[in-house]
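Remarks on the overall topology
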Amino acid sequence: MNMAYSPCPNDTFIFHAWAHGLVPGAPELNVTYADIDITNSLAAKGEGPEVMKISYAALPWVLDDYALLPCGGALGRGCGPLVLTKQGGAGGGGGAIIEASGAAQHEVYPLLAGQRVAVPSERSTAYLLFRLWAAQQLPGESLEIVVMPFDQIMPAVRDGQVDAGLVIHEARFTYANYGLQLLTDLGSWWESDTGMPIPLGAIIARRSLDLEAITSWIRASVHYAWEHPTASQAYVMQHAQEMSPEVAEAHIDLYVNEFSAALGEEGYAAIEALLGRAAEAGLVPAFDLAKLRLQG
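This section reports on the structure supplied with the text.

Reading the values: rules and limits
- Residues numbered from 1 in each chain as written.
- Predicted model: local features only at pLDDT ≥ 70, side-chain atom pairs only at ≥ 80, totals over all residues.
- Heavy atoms only, no water.
- Helix = DSSP H or I, 4+ residues; strand = E, 2+ residues; numbered from the N terminus.
- Rg over C-alpha atoms; globule rule 2.2 N^0.38 Å.
- Buried < 20%, exposed > 50% of the residue type's maximum accessible area, 1.4 Å probe, protein only.
- Contact = heavy atoms within 4.5 Å.
- Areas by Shrake-Rupley, 256 points an atom, 1.4 Å probe, with all protein chains shown as cover.
- Lys, Arg positive; Asp, Glu negative; His and termini not counted.
- Charge placed at Lys NZ, Arg CZ, Asp CG, Glu CD.
- Pairing = 2+ DSSP bridges.
- Right-handed = clockwise from strand over helix to strand, strands pointing away.
- Axes fitted to C-alpha atoms, helices over the stretch in contact; angles between N-to-C directions.
- Phe/Tyr/Trp six-rings, centres within 6.5 Å; stacked < 30°, edge-to-face > 60°.
- Arc of directions from axis to C-beta.
- Disulfide = S-S within 2.5 Å.
- Parallel < 35°, antiparallel > 145°, perpendicular 65-115°, else oblique.
- Nonpolar A, V, L, I, M, F, W, Y, C, P; charged D, E, K, R; others polar.

1. Structural notes on the overall build of the protein chain
Along its length, the protein chain carries eleven helices and eleven strands. Relative to a compact globule of 296 residues, whose C-alpha radius of gyration would be 19 Å, the protein chain shows 19 Å and is just as compact. By principal-axis analysis of the C-alpha atoms, the protein chain measures approximately 60 × 40 × 30 Å. Expressed as a percentage of its 296 residues, the buried residues of the protein chain come to 54%. Long-range pairs, those at least 24 residues apart, make up 80% of the contacts in the protein chain with a sequence separation of at least 6. A total accessible area of about 12,100 Å² is found for the protein chain, and carbon and sulfur atoms account for 48% of it. The average position of the 15 basic charges and that of the 33 acidic charges among the side chains of the protein chain differ by 5 Å.

2. Examining the pairing of strand β2 (residues 30–33)
Both strand β1 (residues 2–5) and β2 contribute to a ladder of four bridges, which runs parallel. When the sheet's bridge partners are listed, M3 is paired in β2 with V31. Handedness of the crossover is the feature at issue here: the chain leaves β1, passes through helix α1 (residues 9–19), returns alongside β2, and the resulting connection is right-handed.

3. Overview of the sheet that holds strand β6 (residues 82–86)
The strands that make up a sheet are held in pairs by hydrogen bonds between backbone atoms, and each pair lies either parallel or antiparallel. In space, the five strands of this open sheet follow the order β8-β7-β9-β6-β10, with mixed pairing throughout. Only two strands of the sheet have a single partner each, and these edge strands are β8 (144–147) and β10 (180–185). With direction set aside, neighbouring strand axes in the sheet form an average angle of 30°. Here β6 pairs with β10 via five bridges, running antiparallel. Within β10, the residue paired with K86 across the bridge is L180. Packed onto the sheet, helix α6 (residues 186–194) meets β6, β9 (164–167) and β10 and runs at close to 20° relative to β10.

4. Overview of the packing of aromatic side chains
Under the counting rule described, the total for this entry stands at seven aromatic pairs. Here Y127 and F130 contribute two aromatic rings whose centre-to-centre distance is 6.5 Å and whose plane-to-plane angle is 20°, an arrangement assigned as stacked. With Y127 and F130 both in helix α3 (residues 125–137) and three residues apart, the pair spans about one turn of that helix. The residues Y127 and F130 share a single accessibility class, namely buried.

5. Re helix α9 (residues 245–255)
Two residues of an α-helix separated by three or four positions point the same way, owing to the 3.6 residues in each turn. Residues of α9 that are buried include every one of V247, A248, H251, I252, L254 and Y255, and no others. An end-on view of α9 places all buried positions within 165° of arc, on one side of the element. Across from the buried face of α9, at angles greater than 90 degrees, the exposed residues are E246, E249 and D253. Along its buried surface, α9 packs onto α1, β5 (74–76), α5 (171–174), β11 (198–206), α8 (233–238) and α10 (258–261).

6. Topic: the state of the cysteines
All told, the structure shown has zero disulfides when counted by the stated rule. Between C79, a cysteine without a disulfide, and C8, which holds the nearest cysteine sulfur, the sulfur-to-sulfur distance is 13 Å. You can call C79 buried: its relative accessible area is 2%.

7. Let's talk about the packing of α6 against helix α11 (residues 264–280)
The geometry of a pair of packed helices is captured by two quantities: the angle between their axes and the separation between those axes. Contact geometry for α6 and α11: axes closest at 12 Å, N-to-C directions at 100°. Relative to α11, α6 is oriented roughly perpendicular. On α11, the residues that touch W189, W190, D193 and T194 of α6 are A270, A273, L274 and R277. Looking at the contact of α6 with α11 residue by residue, the classes come out as five nonpolar, one polar and two charged.

As structure tokens, this is what we get:
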């Protein structure tokens, strides 16, 4: 079976067992390691592998051909995208640094007006959250959006190529190393605004496949990872893009949680809230929310 997921520690940790033939009855995997922007595009074109990880924000474009699987993805609390600026740059002296951890801090300010903001994908959940936040916090302000691979965003902000960057994954642990500062935590804003966890990355499979079987294999891989937490270390670090073992472990601890094994009602409610709100705002195509859940 062909599958595409990122080289990030949470994905390699979750899929290590299946990728190494440790899940009984599961077919051999042919894995493609790809940035989320690539898989979002492949899924939208209908050209991707049978199973892949994409952004939850990209689901409305693909649900006719692909089904959302109820496990294996990234959804949780305290793990949302961050908006960063250079220390002493936008936000340094010219306005308040907003960490969006409560309603009192949700102030409207023109700090980013007319600024260049780097984002990892125009169909990423991070960018969707940013647009929902900006519509609420910066109504009427114009921003110049620059799409680039997520691992290039912090260097671009540091080097002044862009004024701010929307970052994901391990960047929350390492941004200070680039001389950057937090402008806002979009995950904290979302949790404060909705009381729900943050949907980030989804696992999808072609609807023509045995979705129940694929779900069972992914769940088995997740549980193997939890039961043998050191078994995947070499595989994780092989693909960790020069990340330190400590950062890789923190990454796994943050993004692999109970929702990785089962979305449950809380997980589905969060996804429906995010995409329902986005559809109402015209940020994603209108679609039938019922398609988010496996039938039968």
